[in-house]
Amino acid sequence: GRKGYLMGTDGFGRDIFRRLLVGGRMTMTVGAIAVIISSIIGILIGGISGYKGGKVDNLLMRLAEIVYSIPFLPFCIILSSIPGNRISETQRLILIMVILGLLSWPGIARLVRGSVLAEREQEFVTAARALGVKEFGIIFRHILPNIVTVIIVNATLDFATCMLTESTLSYLGFGVTYPRPTWGNMLNGANNSTVIKNFWWRWLFPAIFLAITCICINIVGDTLRDVMDPKSDRDK
């Protein structure tokens, strides 16, 4: 609470506002890269599953159901805590992004599969087959551009979810640790009754920033869904 600082200081005299900016960049980077990883995996599996059908579809969807049935947060905590102190902070950060990406792809895979099932019967796909275009070319050069809006909207909504998951892991002490700031570990540093009662700015501002950012991202995702959906009301 030293004077001259917009949002006060923490227990070590560090500027809360500056740490919020740096921590927000870290939290959003983790969320963005995790979404990119999950989207790539989901598009590949969902596209192949929806186009191939039959046994391939059953196998890939059963795999997606297995991954989807894994308790997400406990499994993330277990995987991120296994290396312990044997890896550096940067390696831990990369590990968290990879774990989040590998565990959050089933949702987008199902969405892409459903969209590909609807698109594969269209005339342009039949024409591409007649011209001898390979299956992967049909999936990723002809069908995928027609469903990219659905993918963008879903990735936007998943972005906020990955940010919350990273913040939860950091708050519980299994994510990014001090001295590198994220919104989650800033809340973890204020997790005692003395700080909550007497130094309210140390937990209030990180919580507000995290809440407002996630709400704004969800609003953007919902708006994109309304704008890009051809079946929605055009006057909206």
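Let me begin by describing the structure that accompanies this report.

Analysis parameters
- Residues numbered from 1 in each chain as written.
- Predicted model: local features only at pLDDT ≥ 70, side-chain atom pairs only at ≥ 80, totals over all residues.
- Heavy atoms only, no water.
- Helix = DSSP H or I, 4+ residues; strand = E, 2+ residues; numbered from the N terminus.
- Buried < 20%, exposed > 50% of the residue type's maximum accessible area, 1.4 Å probe, protein only.
- Contact = heavy atoms within 4.5 Å.
- Areas by Shrake-Rupley, 256 points an atom, 1.4 Å probe, with all protein chains shown as cover.
- Axes fitted to C-alpha atoms, helices over the stretch in contact; angles between N-to-C directions.
- Left-handed = near helix turned anticlockwise from the far one by under 90°.

### As for the overall build of the chain
- Along the backbone of the chain there are 10 helices and zero strands.
- Listing each helix as α and each strand as β along the chain from the N terminus yields α-α-α-α-α-α-α-α-α-α.
- In terms of overall dimensions, the chain has C-alpha extents of about 75 × 50 × 25 Å along its principal axes.
- Expressed as a percentage of its 236 residues, the buried residues of the chain come to 41%.
- Sequence separation of 24 or more characterises 70% of the internal contacts of the chain that already satisfy a separation of 6 or more.
- When the accessible surface of the chain is split by element, carbon and sulfur atoms take 64% of a total near 13,100 Å².

### Things to note about the packing of helix α1 (residues 16–52) against helix α7 (residues 135–172)
- It is the contact of α1 with α7, at a shortest axis distance of 7 Å, that shows an interaxial angle of 145°. Crossing geometry of α1 relative to α7 is assigned as right-handed.

### Regarding the side chain of Asn-154
- Note on placement: Asn-154 falls in helix α7.
- Residues in contact with Asn-154, not counting those within four places in the same chain, are Ile-108 and Leu-111.

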